[in-house]
Amino acid sequence: MRFSGFVGPSYVSQSVNVAAQRCMNWYVEQVEVRDEPAQVVLYPTPGCSDFASLTSFPVSGITAVRTGGVDRCFAVSANTLYEIFPDGSSEDRGRVESETETPATFSGNVDAGDEIFITSGGRGYIFTLSTNVLTQVMIGSDTIPITSHQGDFLDGFFLALNRDTSTLYLSELNDGAATWDATQYAQRTAGSDPWQSLIVSNRDIWLFGKNTSEVWYNAGTAPFPFAAIPGAFIEEGIAAPASAAKFGNTVIWLGQSEEGACVVWRANGYTPQRVSTHAVEYAIQGYMRDGRTIHDAVAMTYQESGHIFYVLSFPSADATWVYDGATNLWHERGTWDADNRQYCAWRPQSHAFAFEKHLVGNFKTGIVHEMSIDKFTDAGGGPIRRLRRTPHLNVEDRTLFYHKLQVMLQSGVGLSSGQGSDPQVMMRWSDDGSHTWGNEHWVSAGKMGQYSARAIWRRLGRGRNRVFEISVTDPVPWRVISANMDVSEGTS
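Computed from a prediction, not measured in an experiment: that's the story for all the values here.

A. Up close: the overall build of the protein chain. In terms of helices and strands, the protein chain carries two helices and 44 strands. At 25 Å, the protein chain has a C-alpha radius of gyration in line with the 23 Å of a compact globule built from 492 residues. Dimensions of the protein chain, computed from the C-alpha atoms along their principal axes, are close to 85 × 50 × 45 Å. Out of the 492 residues in the protein chain, the part that is buried amounts to 56%. Relative to all contacts within the protein chain whose residues are 6 or more apart in sequence, the contacts with residues 24 or more apart total 58%. When the accessible surface of the protein chain is split by element, carbon and sulfur atoms take 46% of a total near 20700 Å². One finds the centroid of the 38 positive side-chain charges in the protein chain at a distance of 11 Å from the centroid of its 53 negative side-chain charges.

B. Layout of the sheet that holds strand β20 (residues 195–201). The strand order across the open sheet formed by four strands is β20-β21-β22-β23, and the pairing between neighbours is antiparallel. At either end of the open sheet lies a strand with only one pairing partner, and these are β20 and β23 (226–234). Ignoring which end each strand starts from, the neighbouring axes of this sheet average 25° apart. The pairing of β20 with strand β21 (residues 204–209) spans six bridges and is classified as antiparallel. Its bridge partner being in β21, Val200 is matched across the sheet by Ile205.

C. Expanded view of the packing of aromatic side chains. What the rule picks out here adds up to 25 aromatic pairs. Ring centres of Trp206 and Phe208 lie 6.0 Å apart, and the angle between their planes is 25°; on these two criteria the pair is classed as stacked. Across the ring face of Phe309, the terminal group of Arg333 is positioned such that the distance to the ring centre comes to 5.0 Å.

D. Structural context of the pattern of salt bridges. Per the counting criterion, the structure on display carries 19 salt bridges. Among the salt bridges present, the one from Arg389 reaches Glu469, with a minimum N-O distance of 2.8 Å. Taken together, the residues span a long stretch of sequence, with Arg389 in strand β37 (residues 386–389) and Glu469 in strand β43 (residues 467–472) at a distance of 80 residues. For Arg389, a relative accessible area of 12% puts it in the buried group. A residue is classified by how much of its surface remains accessible, and Glu469, at 3% relative accessible area, is buried. The shortest N-O distance in the salt bridge between Arg466 and Asp431 comes to 2.7 Å. Here the residue Arg466 occupies a position in the loop between β42 (462–463) and β43, and Asp431 occupies one in the loop between β39 (424–430) and β40 (441–444), the gap between them amounting to 35 residues. Residue classification places Arg466 among the buried positions, given a relative accessible area of 1%. Through salt bridges that share partners, Arg72, Glu83, Glu91 and Arg93 make up one connected network.

E. The state of the cysteines, seen in detail. Within the structure shown, the criterion is met by zero disulfides. With no disulfide of its own, Cys23 lies closest to Cys48 among cysteine sulfurs, the gap being 18 Å. Cys73 forms no disulfide, and the closest cysteine sulfur to it belongs to Cys48, at a distance of 14 Å.

F. Here's a closer look at the environment of Glu83. Take Glu83: it is sitting in strand β8 (residues 80–84). Linking Glu83 and Phe224, residues 141 residues apart in sequence, is a C-alpha distance of 34 Å. A polar contact of 2.8 Å, which involves the side chain of Glu83, links it to the side chain of Arg72. A polar contact is formed between the side chain of Glu83 and the side chain of Arg93, at a distance of 2.8 Å.

G. Structural view of unusual backbone geometry. With an omega of 5°, the peptide bond running from Phe57 to Pro58 counts as cis. Tracing the backbone shows Pro58 in the loop between β5 (47–53) and β6 (59–67). Note that the residue after Ala222, namely Pro223, is joined by a cis bond; omega there is 0°. Mapped onto the elements of the fold, Pro223 is located in the loop between β22 (213–218) and β23. In this structure, Ala78 is a non-glycine residue whose phi angle is positive, near 55°. Locating Ala78 in the fold gives a position in the loop between β7 (70–77) and β8. Within the chain, Asp155 stands out as a residue other than glycine whose phi angle is a positive 50°. By secondary structure assignment, the location of Asp155 is in the loop between β16 (150–154) and β17 (157–162).

H. Region of interest: helix α2 (residues 278–289). The end-to-end C-alpha distance of α2 is 16 Å, a good match for the 16 Å that twelve residues give at a rise of 1.5 Å each. Of all the positions in α2, only Ala279, Val280, Glu281, Ala283, Ile284, Gly286 and Tyr287 are classed as buried. Downstream of α2 by a residue or two, Gly291 has a phi angle that is positive, lying close to 85°.

I. Just the sheet that holds β17, in detail. Taken in spatial order, the four strands make up an open sheet running β16-β17-β18-β19, and their pairing is antiparallel. Only two strands of the sheet have a single neighbouring strand rather than two, namely β16 and β19 (185–187). Averaged over all adjacent pairs, the angle separating strand axes in this sheet is 20°, with direction ignored. In terms of strand pairing, β16 meets β17 through five bridges, oriented antiparallel. Within β17, the position partnered with Gln150 by the bridge is Leu161.

J. Molecular detail of the nonpolar core. Counting residues in each nonpolar core, the largest one holds 30 residues, and the members touching the most others are Leu405, Val425, Trp457, Leu460 and Phe468. Every element with two or more residues in this core is listed here: β3 (26–30), β38 (400–409), β39, β41 (455–458), β43 and β44 (480–489). For this core, the leading source of residues is β38, giving five residues. When residues no more than four places from it in sequence are discounted, the contact partners of Leu460 are Tyr402, His403, Lys404, Leu405, Met427, Trp429, Arg466, Phe468 and Met485.

K. Examining the environment of Trp442 more closely. Relative to the helices and strands, Trp442 is located in strand β40. In this structure Trp442 comes out as exposed when scored by relative accessible area, which is 52%. Dropping the residues within four chain positions of it, Trp442 is found in contact with Gln424, Val425, Met426 and Trp457. There is a polar contact of 3.3 Å between the side chain of Trp442 and the side chain of Glu440.

Rules and cut-offs
- Residues numbered from 1 in each chain as written.
- Predicted model: local features only at pLDDT ≥ 70, side-chain atom pairs only at ≥ 80, totals over all residues.
- Heavy atoms only, no water.
- Helix = DSSP H or I, 4+ residues; strand = E, 2+ residues; numbered from the N terminus.
- Rg over C-alpha atoms; globule rule 2.2 N^0.38 Å.
- Buried < 20%, exposed > 50% of the residue type's maximum accessible area, 1.4 Å probe, protein only.
- Contact = heavy atoms within 4.5 Å.
- Areas by Shrake-Rupley, 256 points an atom, 1.4 Å probe, with all protein chains shown as cover.
- Lys, Arg positive; Asp, Glu negative; His and termini not counted.
- Charge placed at Lys NZ, Arg CZ, Asp CG, Glu CD.
- Pairing = 2+ DSSP bridges.
- Axes fitted to C-alpha atoms, helices over the stretch in contact; angles between N-to-C directions.
- Phe/Tyr/Trp six-rings, centres within 6.5 Å; stacked < 30°, edge-to-face > 60°.
- Lys NZ or Arg CZ within 6 Å of the ring centre and 35° of its normal.
- Salt bridge = Lys/Arg side-chain N within 4 Å of Asp/Glu carboxyl O.
- Disulfide = S-S within 2.5 Å.
- Polar contact = N/O pair within 3.5 Å; in protein donor to acceptor, adjacent residues only side chain to side chain.
- Expected span 1.5 Å × (residues − 1).
- Core = buried A, V, L, I, M, F, W, Y, C linked by side-chain atoms within 4.5 Å.

Here is the structure:
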């Protein structure tokens, strides 16, 4: 019989006896034709190869701009701005303050002003593309360095948010390098909680407070052109300033309000819609219960094969959750720590699409990786350990005899030599609802060209409340189609 639910998302409930499903380094794709036997499948998350090695580390942000018909790519790593070239080489473009909490941000007025506005370490900088000159942004008649934790661009103006004073500044029109007018600012008046995060989407300025948020627009007023949109006041703030990200034609963030925290919201117009599950929320709240912060959570988004992914990493909690906008399902990503036999936060935490490649910054090192579904090693070169933990097999708590488990894979994708020449699937099970686990049982998924090979385990004993788990590490394209189970009921 078909093993219903074998392909599915991550969902570990408060009680693992209720649900203990995990989907690690795989994502679910729904088949868009109705006549195939499998309607949902597991496809492997992308791997990474080294693209550029920066002298300082770690990478705190990366961006791409297109000017004069040419892609240019920049990254902030530790206290240095680098330009990265198509061949993977790089050049030091100047010094910035090191970022400690919020990742570096980038915004550009490339066509109109030839500039990129960069925030790092609580300071703002302008990089002039035609001259390759980096200058620190000054504000006011005393020309002191501007305090800016995040920045963006709208209608010819660079925007800078000072989180400490809940102040929004703006540059001269199409000239971020000129001294900014200290009188051109706005401070929060609609809510008592200070602004924490800034992002521009669809020509709207989203200003997230700790417990409430609001949306501003270009009202064309003078001398300050921006104003709050009437009625666009949101009773949800942000728990982690760097968790807000553009997501298709809207925004998404990790929320917080006076009632509590840890719900992920996606804006529908100016109305937040919950996209996290109880299981995801329980996991995030667990980080706080363990004494770890979620304030440093970092988000990046990217699109591939029609999926748009919101990658939410928790550096202090050492975990990464991913929301797939195509399926509205969550999975986990992680770098496998073989010494401690556990997953750590996925290393890529910033993204840019440059040179027709997905480039990602490693938050532990100074490496910028090329990320692709055609690569099968993790950031840093280690193996990607993929794991799927299934729903419970329980029929009114009766004894079940498990005669055979067959996992339907795309077989015959082994390599010609080395690790992966005979790809192995590791399976184990728990008979107490996933509290304790037995030994691993290995089978081959088929060598190169063995397209009819089958991954089958037989004579699997009996139990009343079994959870199966498979895991793989070989550097091949692990595509899981479905699973079949031969099982019969006992008398007790």
